[in-house]
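# Per-entry structural report
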Amino acid sequence: MDWGGKRVLVTGVSGFVGSYLAKYLLEKGAEVYGLVRKKVDGGKQKFGEKIKIVEGDITNIYSITLALNKSEPDVVFHLAAQSFVPKSFEYPLDTLNTNTIGTANLLEAVRLKEVDPVIVFAGSSDEYGLVISSEEQYNRVKKKYGTMFPEPEKIPELPVRESNPLRPMSPYAMSKVHGEYLMRNYYYAYGLKTVVSRSFNHEGAGRGAMFVTSVITSQVVKLKSGESDRIVIGNVNAFRDWSHVMDIVEGYCLLAEKGKHGDVYNLGSMRTNSVLSYILLSLEQAGWKIEKIETMNGGKTVDNPTERDYSKIFGVNFEKTKVDKMMLEGDIEFTIKNKG
Ligand code: A2R
């Protein structure tokens, strides 16, 4: 799309992705309006006067209507959300209110105002929730959750396709499923030009400090500066599909241009890596070598895995990394030696 002169409204512009997206669109010549909550001055701080800040709260339909009046957008990127999964367990109603009711407010404001922008919704791969990868896992899951979840059509349910069943496992994921269905329904019911993404993890400078990649990176920095001599982290065996944030930003722009209205698209890298592999890569990049990995809380360990086992398990080649013990559950502590 030629973004030159296009009027774009970005909700969540002060957030991690919103700031990258706004910058990208400004560079492409778009006229960018950013919805920003009153207490925040993020847009101006980051983009000077180039981005047009519109004050508003997604949970308040009147402020969204005002934002639409001011911006008269050709495209809306709807990124505003409570985006942190652990917080959603603590504050499920706030999460639903922001992510689901907030989305309904935006759609309803667009419908009532009779404007006709393309609306791109930042949904999440978390909407898939529980993905069945083996018969054994399926039997365990079925025993635990009964008929609560849709049956798999095939096992393994990999790669994760848009047609996979949605089994949201957190209030955050649930709120995004509802937001997504609202988006798609407003297309079928009212003809609004909505497009939904289910984005897999995306990372880059400026990622919130509480997200796992930032937690790891800040611990590596502390190691480098001598402030600490260890990395402590839980759940290292979770696997993620990581992209750079700019790839996802470009994906959102492609969806605005080419996405089929009322439809849904995965955005991701098609590669998965474990949190442990992320830690090891970060350490390697920073010039450290893992001498030994041991459990802190007596979790199950595997002694002396070969490098081949290691590469197979984590999908990464760590030829230079010597691992004495590999932990399978619980918190772990790394004993680390300088490379030289
Ligand atoms: O917290 P603030 O005031 O800086 O604004 C955040 C905004 N936001 C809201 N904006 C208007 N009304 C609300 N009630 C409201 N609640 C939150 O959403 C911030 O600008 C943005 C969220 O930014 P992050 O937490 O950094 O999310 P990130 O990583 O940029 O993700 C963007 C989207 C989200 O929908 C995620 O759920 C999805 O991509 O993966």
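Everything here concerns the structure above.
Our subject in this report is the structure included herewith. Just so we're clear, the structure is a prediction, and the values are computed from it rather than from any experiment. Going along each chain's sequence as written, the residues are numbered from 1 onward. Totals for whole chains, interfaces and linings use every residue, but because this is a predicted model, local features are given only for residues with pLDDT of at least 70 and side-chain atom pairs only at 80 or more, for both listing and counting. Side-chain figures throughout are based on the complete set of non-hydrogen atoms in the structure, without hydrogens or water.

## Digging into unusual backbone geometry
Here Ile155 and Pro156 are connected by a cis peptide whose omega angle stands at 0°. By the element assignment, Pro156 lies in the loop between helix H6 (135–145) and helix H7 (171–190). Pro159 follows Leu158 through a cis peptide bond whose omega is -5°. Numbering of helices and strands runs from the N terminus; a helix is a DSSP stretch of H or I covering at least four residues, while a strand is a stretch of E covering at least two. Tracing the sequence through the fold places Pro159 in the loop between H6 and H7. In this structure, Glu114 takes a positive phi of about 60° despite not being glycine. Burial here depends on accessible area, computed with a 1.4 Å probe over protein chains only, as a share of the maximum for the residue type. Under 20% is buried, over 50% is exposed, and the range in between is partly exposed. On the basis of relative accessible area, Glu114 is assigned to the exposed category, the value being 70%. Within the chain, Met270 stands out as a residue other than glycine whose phi angle is a positive 70°.

## Remarks on the site of the ligand
For the ligand, the set of nearby residues contains 19 residues, the closest of which are Ser14, Leu79, Ser83, Tyr172 and Lys176. In protein, a polar contact requires one atom able to donate a hydrogen and another able to accept it; more generally it is a pair of N or O atoms within 3.5 Å, and residues adjacent in sequence count only if both atoms are side-chain atoms. Val17 is positioned with one of its backbone polar atoms (N or O) 2.8 Å from an oxygen atom of the ligand. At 2.9 Å, a backbone N or O of Ile58 approaches a nitrogen atom of the ligand. In the complex, 85% of the free accessible area of the ligand, which totals 800 Å², lies under the protein chains. It suffices for a single heavy atom of a residue to lie within 4 Å of a molecule or strand for the residue to be listed as near it. We get accessible surface area from the Shrake-Rupley algorithm with a probe of 1.4 Å; when it comes to residues, only the shown protein chains can shield them.

## Section: the environment of Glu127
With respect to the element layout, Glu127 can be found in the loop between strand S5 (118–124) and H6. In this structure Glu127 comes out as buried when scored by relative accessible area, which is 0%. For Glu127 and Ile155, which are 28 residues apart along the polypeptide, the C-alpha to C-alpha distance reads 18 Å. Whether two residues are in contact is decided by their heavy atoms, any of which lying within 4.5 Å being enough. Residues within four places of Glu127 in sequence aside, it is in contact with Leu166, Arg167, Pro168, Ala173, Lys176, Val177, Glu180 and Arg198.

## What to know about the nonpolar core
Ranked by internal contacts, the top residues of the largest apolar core, which has 31 residues, are Trp3, Val10, Leu25, Phe77 and Tyr252. Elements represented by at least two residues in this core include exactly strand S1 (7–11), helix H1 (16–27), strand S2 (31–36), strand S4 (75–78), S5 and helix H9 (245–258). Of all the elements, H1 adds the most residues to this core, at eight residues. When sequence neighbours within four positions are dropped, the list of residues in contact with Tyr252 reads Val17, Phe77, Leu79, Val120, Ala122, Ser197, Ser199, His202 and Leu267. Of all hydrophobic cores here, the second largest spans 21 residues; its members include Leu9, Leu68, Val110 and Val115. In this text, buried Ala, Val, Leu, Ile, Met, Phe, Trp, Tyr and Cys residues form a nonpolar core when linked through side-chain atoms within 4.5 Å.

## Side note on the pattern of salt bridges
In the sections that follow, a salt bridge refers to a side-chain nitrogen of Lys or Arg positioned within 4 Å of a carboxyl oxygen of Asp or Glu. In the structure shown here, the tally under the stated rule is 11 salt bridges. Across the pair Glu31 and Arg7 runs a salt bridge whose closest N-O atoms are separated by 3.5 Å. Of the two residues, Glu31 sits in strand S2 while Arg7 sits in strand S1, which places them 24 residues apart along the sequence. Residue classification places Glu31 among the partly exposed positions, given a relative accessible area of 24%. Residues Lys52 and Glu31 are paired through a salt bridge, measuring 3.9 Å at the closest nitrogen-oxygen approach. Taken together, the positions of Lys52 in strand S3 (residues 52–55) and Glu31 in strand S2 put the pair 21 residues apart, joining distant regions of the chain. One network of salt bridges, in which partners are shared, links Glu127, Glu180, Arg184 and Arg198.

## Remarks on H6
For H6, the full list of buried residues reads Gln137, Tyr138 and Val141. Seen along its axis, H6 keeps its buried residues to an arc of 100°; they face one direction. What points out from H6, more than 90 degrees from its buried face, is the exposed set Glu135, Glu136, Arg140 and Lys143. The directions considered for the arc run from the helix axis to the C-beta atoms.

## A word on the sheet that holds S2
At least two DSSP bridges between two strands are needed for those strands to be called paired. Across the sheet, seven strands lie side by side as S3-S2-S1-S4-S5-S6-S11; this open sheet has parallel pairing. Each edge of the open sheet is held by one strand with a lone partner, namely S3 and strand S11 (263–267). Across this sheet, the average inter-strand angle for adjacent strands is 20°, counted without regard to direction. The sheet contact formed by strand S6 (residues 193–199) and S11 spans five bridges and is parallel. Looking at S11, one finds that Ser199 is bridged to Leu267. Orientation is described by lines fitted to C-alpha atoms, with helices fitted over the stretch in contact, and by angles between N-to-C directions that extend from 0 to 180 degrees. On top of the sheet, H1 reaches S1, S2 and S4; it is set at about 170° to S1, its chief contact.

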